Amino acid sequence: MRPGDRIFKNLTTGAGIFVVILIGLIGLFLLLQAIPALQANQVSFFSSVWETGDSKNLRFGIADLLAVTVATSLVALVIAMPVSLGIALFLTQYAPPRLARPFAYVIDLLAAVPSIIFGLWGLLFLAPVLEPVAQWINDTLGWIPIFGDGNIAPNIRSTIFTAGVVLAVMLLPIITSLTREVFERTPTAQIEGALALGATRWEVIRTTVLPFGKAGYIGASMLGLGRALGETIALSIILFIPVGRTFDWSVFDGGATFASKIASNYAEFNDVTSAGAYIAAGLVLFLLTFVVNFAARSIIGDKKGD
Amino acid sequence: MTATIPDADRPAVTPAFQQVSLARKTKNGVATVLVWLAFLIAVIPLVWVLWTVVESGITRIPYTNWWTEDFSLVLSDEVGGGVLHAIVGTLLQGLVCAIIAVPLGLLVAIYLVEYGRRTRLAKVTTFMVDILSGVPSIVAALFIYALWVTTLGLPRNGFSVSLALVLLMVPVVVRSSEEMLRIVPDDLREASYALGVPKWKTIVKIVLPTALSGIITGIMMALARVMGETAPLLVLVGYSSFVHWDMFQGEMASLPLLINNERATNSMTEGSVGFERIWGAALTLVLIIALINLAATLIGRLVAPKKK
């Protein structure tokens, strides 16, 4: 091998290896910085207190953060999943071929809007519009615990519900683009076969497109979930953190997710010990998103067959 | 008897060209309406968000001092000043991030396409790039904090923000470049080898230029994406209302950080100074992102291989 070739090959391979190591480094460094704080922690890491102001007496647990993170992401997924499926079907099966590409581009534009803008828009413009909707859900379905009065009940703007709706909008382009890609690969022979048997367009979709693309759609939704779990600034703008009250299992609760908690307490990062508590929370978030992304990629990878 | 025949092999019981029953027609109609509705539902927030940004942000943007001054000499509730300091910070942090992320991402993509084809390491790398693209921005920020501030004992500054952005930009660059390199026809490579050109020179002189337009487009889009990130800024640098050029020392503004800072310190009611600043900065950010995207398309077209 010529020296130029050897150098270039080693350089590119090194870059590849570096990326692989990087993931390990992220986990390692977060762990190393979390350990001192975890050792100094006076309460269980799985409780729901969070008092890190006094670095001599650290008291922090992740129960509440985990619950709110999962709740917000689930609300977002419940809204985003059917809509994304609809858009993907629209773009691949319904839209005139000439318009499908520009339409897809329009949806992708949503991904280019910075999340801080979604946060501001959600709080100042969307939340007032959602308020009567939330009130109506609360009035009519309030007997179901998840729609009951939350821990910030009278002030139902900065709730998990509002946050979930905004998050759903942010997830649309992610879930849609991947689902669309899978749907586009439905074998034409199958579609034509169904059509030849006299199936209506919906029946074609139900019998060929959906079964073929199901795994890809689920994988795409899990990718969306991974994104939702880690969304930071939009949620820290929208969610209101009630004083002295914890998560109540209602969508009209306030609270903080892992990411929004870390982001809204950036002032405490001047103290390395207090920062350790947040790094511990960040480590849990990292592991959570790692597992979700890992699962999503495995599903999509299987479907792509490579 | 019929039960033993597999479903697929059984002859159609009913003639295929039958009239479509009302139930089937209705279902089909409902599905069509729902699918169109889903698309409209997605377009509403997009139009709404963009309209909000333009309508609320337009107040101060047309004045020259918005683009040429900073907020250092204006009070928080005083009309006047501009966001030059934040524009400088955003562009500077983005640029430094790109200087690190682009070569790194490009090398990884070259490895995956040219050297690693079907090897175990390439598979692992692809997988890790995918995982890296799922790492939340706040986790990237915490990692850089743990590395830069706690372990190395260096101060929080603009450069550490750029490092965190690198983590977010690299996977996007790798993915888009990889895709572009893959569609370069193998004939080109083989023709070059046949002429005795070394592999590395083939890659640098033949493969990369062929894929260049797509690669540049991908890079610029990735850059536009990371410039709107806020989370790393909160953890890794403080806000300053002065124009600040030093990446390695002191506080540094940027548009998302300015928005967040004004949001925390000012009233956000419509028509107030805080409101105008926040949405003015938001519109400025969206304009910059749109400009970069536009430039990406134009440059992509300019350097695209000539077709007959």
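Residues numbered from 1 in each chain as written. Chains lettered and ligands numbered in written order. Predicted model: local features only at pLDDT ≥ 70, side-chain atom pairs only at ≥ 80, totals over all residues. Heavy atoms only, no water.

Examining the UniProt feature "transmembrane region" (unreviewed entry) in chain B
Residue and element names in this part refer to chain B. Residues annotated by UniProt as "transmembrane region" (unreviewed entry) correspond here to residues 33–54, 83–112, 124–148, 154–174, 206–227 and 278–304. As annotated, residues 33–54 has a helix share of 100% and a strand share of 0%, and its two end C-alpha atoms lie 31 Å apart. Across residues 83–112, helical content stands at 97% and strand content at 0%; the span's end C-alpha atoms are separated by 42 Å. (UniProt positions renumbered as here; feature names shortened; annotations may be inferred. Helix = DSSP H or I, 4+ residues; strand = E, 2+ residues; numbered from the N terminus.)

Re the domain arrangement of chain B
Residue and element names in this part refer to chain B. One can read the domain layout of chain B as domain 1 (21–57) and domain 2 (65–303). The straight-line distance from the C-alpha centre of domain 1 to that of domain 2 is 33 Å. Contacts between domain 1 and domain 2 engage five residues on the former and six residues on the latter. Considering only the surface of domain 1 that becomes buried against domain 2, Val53, Ser56 and Gly57 emerge as the three largest contributors, covering 76% of it. Inspection of the region where domain 1 meets domain 2 yields zero salt bridges. Linking domain 1 with domain 2 are zero residue pairs in polar contact (both at pLDDT 80 or more). Class assignment for the residues of the side of domain 1 that touches domain 2 results in two nonpolar, three polar and no charged. (Domains from an automatic or database assignment. Contact = heavy atoms within 4.5 Å. Buried area = accessible area lost by both parts, 1.4 Å probe. Salt bridge = Lys/Arg side-chain N within 4 Å of Asp/Glu carboxyl O. Polar contact = N/O pair within 3.5 Å; in protein donor to acceptor, adjacent residues only side chain to side chain. Nonpolar A, V, L, I, M, F, W, Y, C, P; charged D, E, K, R; others polar.)

Some remarks on the UniProt feature "domain: ABC transmembrane type-1" (unreviewed entry) in chain B
UniProt records the feature "domain: ABC transmembrane type-1" (unreviewed entry) for residues 87–300 of chain B in the present numbering. Counting secondary structure, residues 87–300 of chain B comes out at 78% helix and 0% strand; the distance between its end C-alpha atoms is 25 Å.

What to know about helix 3 (residues 97–112) of chain A
With 16 residues, helix 3 of chain A extends 24 Å between its outermost C-alpha atoms, agreeing within 8% with the 22 Å of an ideal straight helix rising 1.5 Å per residue. On the buried face of helix 3 of chain A, the contacting elements are helix 2 (63–94), helix 4 (115–141) and helix 5 (160–184) of chain A together with helix 1 (22–57) of chain B. (Expected span 1.5 Å × (residues − 1).)

Concerning the packing of aromatic side chains
The final tally for this structure, using the stated rule, is 24 aromatic pairs over all chains. Judged by centre distance (6.2 Å) and plane angle (55°), the ring pair of Phe286 of chain A and Phe290 of chain A falls under tilted. One end of the pair is Phe286 of chain A and the other is Phe290 of chain A, both in helix 10 (residues 272–304) and four residues apart, which spans about a single turn. Positioned above the aromatic ring of Tyr94 of chain A is the side chain of Arg201 of chain A, whose terminal nitrogen or guanidinium carbon lies 5.0 Å from the ring centre. The ring of Phe71 of chain B has Arg277 of chain B sitting right over it, with the charged end atom 4.0 Å from the ring centre. (Phe/Tyr/Trp six-rings, centres within 6.5 Å; stacked < 30°, edge-to-face > 60°. Lys NZ or Arg CZ within 6 Å of the ring centre and 35° of its normal.)

Remarks on the interface of chain B and chain A
Taken together, the contact between chain B and chain A spans 79 residues of the former and 84 residues of the latter. Carbon and sulfur atoms supply 79% of the area buried between chain B and chain A, which totals about 7,200 Å² over both sides. For chain B, the biggest contributors to the area lost against chain A are Phe39, Trp48 and Phe143 of chain B; these three give 9% of the whole. Where chain B packs against chain A, one counts two salt bridges. Across the pair Arg24 of chain B and Glu203 of chain A runs a salt bridge, and its minimum N-O distance is 2.6 Å. At the junction of chain B and chain A, the tally comes to 10 residue pairs in polar contact (both at pLDDT 80 or more). Examining the composition of the side of chain B that touches chain A, we find that 19 residues originate from one element, helix 1 of chain B, more than from any other. Of the residues that constitute the side of chain B that touches chain A, the class distribution is 57 nonpolar, 14 polar and eight charged.

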